[in-house]
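So the chains spell out like this:
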Amino acid sequence: MDKIYVVYWSQSGNTQAMAEAIGKGIADAGKEAVVVPVGEALTEELKNAKCFALGCPAMGAEVLEESEMEPFVNEVEGFAAGKKIALFGAYGWGDGQWMRDWVERMSGCGAEVLNQEGLICQEAPDEVMLGECEALGKQLATL
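I will try to describe carefully the structure that is included in this document. Predicted model only: the values in this text are computed from it and were never measured. Throughout, residues of each chain are indexed from 1 in the direction in which the sequence is written. In keeping with the model being predicted, local features are shown solely for residues with a pLDDT of at least 70 and side-chain atom pairs are shown and tallied solely at 80 or more, while totals for entire chains, interfaces and linings include all residues. Hydrogens and water are ignored here; the side-chain numbers use all heavy atoms of the structure.

Moving on to the overall build of the chain. When you go through the chain residue by residue, the secondary structure sums to five helices and six strands. A run of H or I in DSSP counts as a helix once it spans at least four residues, and a run of E counts as a strand once it spans at least two, with each numbered from the N terminus. Walking the chain from its N terminus toward its C terminus, one meets helices and strands in the order β-α-β-α-β-α-β-α-β-β-α. The principal-axis extents of the C-alpha atoms in the chain amount to approximately 40 × 35 × 25 Å. Here the term buried applies to any residue with accessible area under 20% of the maximum for its type, exposed to any over 50%, and partly exposed to those in between, with areas from a 1.4 Å probe on protein chains only. In the chain, buried positions account for 48% of the 143 residues. Within the chain, contacts between residues separated by at least 24 positions form 78% of all contacts whose residues are at least 6 apart in sequence. When the accessible area of the chain is evaluated, it comes to approximately 6700 Å², of which 47% is carbon and sulfur surface. Contacts between residues were defined by any pair of non-hydrogen atoms, one from each residue, lying within 4.5 Å. Per-residue and other accessible areas were derived by the Shrake-Rupley procedure at a 1.4 Å probe size, with only the shown protein chains allowed to occlude residues.

Given below as structure tokens:
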């Protein structure tokens, strides 16, 4: 069974809930979802994958979390060319600029960001948003 990795960082649990829903969508589509916090993820696994998902909430002045997620994303940039990547995360303020910046960054290093945008959610994901996350997981599983 093909493994699809969903790597995330979450502080309040909102981005984790999104990650788990994406994992459910992957599993419902018949693939194996590996949903893992970034601190437990190995970039080696992603290097060998044709697609994966990365999730992080907006932090500070709409940036990625700096101690774990940012260094991980820096590593991913080195091998992202040709990969299909889903980006997602929750936010509590702002207008989603951190996600637009992240999409631009991943696209700039040669990755194909699914739907050319990240999936964002203000605060806790509701049933509609969790459904969108599951749909994103199913989309990953068909690649």
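The contact between helix α3 (residues 69-77) and helix α4 (residues 97-108) brings their axes to 10 Å, and the two run at 30°. With respect to their mutual orientation, α3 and α4 come out roughly parallel. Viewed along their axes, α3 and α4 form a crossing whose handedness is right-handed. For the pair α3 and α4, contact is made by Met69, Glu70, Val73, Asn74, Val76 and Glu77 and by Trp102, Arg105 and Met106, respectively. The residue classification treats Ala, Val, Leu, Ile, Met, Phe, Trp, Tyr, Cys and Pro as nonpolar and Asp, Glu, Lys and Arg as charged. All others, Gly included, are polar. Taken together, the residues of the contact of α3 with α4 sort by class into five nonpolar, one polar and three charged. Here the axes come from fitting lines to C-alpha atoms, over the contacting stretch only for helices, and the angles between their N-to-C directions go from 0 to 180 degrees. These descriptions rest on fixed angle ranges, namely under 35 degrees for roughly parallel, over 145 for roughly antiparallel, 65 to 115 for roughly perpendicular, and the rest for oblique. For any pair of crossing helices, the crossing counts as left-handed if the nearer helix is rotated counterclockwise from the farther one by less than a right angle, and right-handed if it is rotated clockwise.

If you trace the backbone, Gln122 turns up in strand β6 (residues 119-122). For Gln122 and Gly92, which are 30 residues apart along the polypeptide, the C-alpha to C-alpha distance reads 5.6 Å.

Among the structural elements, Lys83 can be located in the loop between α3 and β4 (84-91). Counted charges follow a simple rule, with Lys and Arg positive, Asp and Glu negative, and His plus the chain ends left uncounted. Basic side-chain nitrogens of Lys or Arg form a salt bridge, by our definition, when they fall within 4 Å of a carboxyl oxygen of Asp or Glu. For the buried Lys83, no salt bridge is present, and the opposite-charge side chain at shortest range is Glu44, 9.9 Å distant. Polar contacts here mean pairs of N or O atoms no more than 3.5 Å apart (in protein, one a potential hydrogen donor and the other a potential acceptor; neighbouring residues in sequence count only if both atoms are side-chain atoms). Separated by 2.6 Å, the side chain of Lys83 and the backbone oxygen of Lys47 make a polar contact. Beyond its immediate stretch of four places on either side in the chain, Lys83 contacts Leu46, Lys47, Asn48, Ala49, Lys50, Phe52, Ala111 and Glu112.

It is worth spelling out the pairing of β6 at this point. The alternating pattern of β6 places Leu119 and Cys121 on a buried face, while none of Ile120 and Gln122, on the opposite face, is buried. Of the strand pairs in this sheet, β4 and β6 are connected by four bridges, and their pairing is parallel. Across the sheet, residue Phe88 finds its bridge partner in β6, namely Leu119. Only when DSSP finds a minimum of two bridges between them are two strands counted as paired.

To continue, consider the nonpolar core. The criterion is simple. A nonpolar core is a set of buried Ala, Val, Leu, Ile, Met, Phe, Trp, Tyr and Cys residues joined through side-chain atoms within 4.5 Å. Among the nonpolar cores identified, the biggest contains 30 residues, and Leu54 and Trp102 are the most heavily contacted of them. Contributing elements (two or more residues each) for this core: β1 (3-8), β3 (51-55), α3, β4 and α4. The element best represented in this core is α4, accounting for five residues. Apart from the residues within four sequence positions on either side, Trp102 is in contact with Leu54, Gly55, Cys56, Leu64, Met69, Val73, Leu87 and Phe88. In this structure, Cys51, Ala90, Cys133 and Ala141 belong to the second largest nonpolar core, which totals 22 residues.

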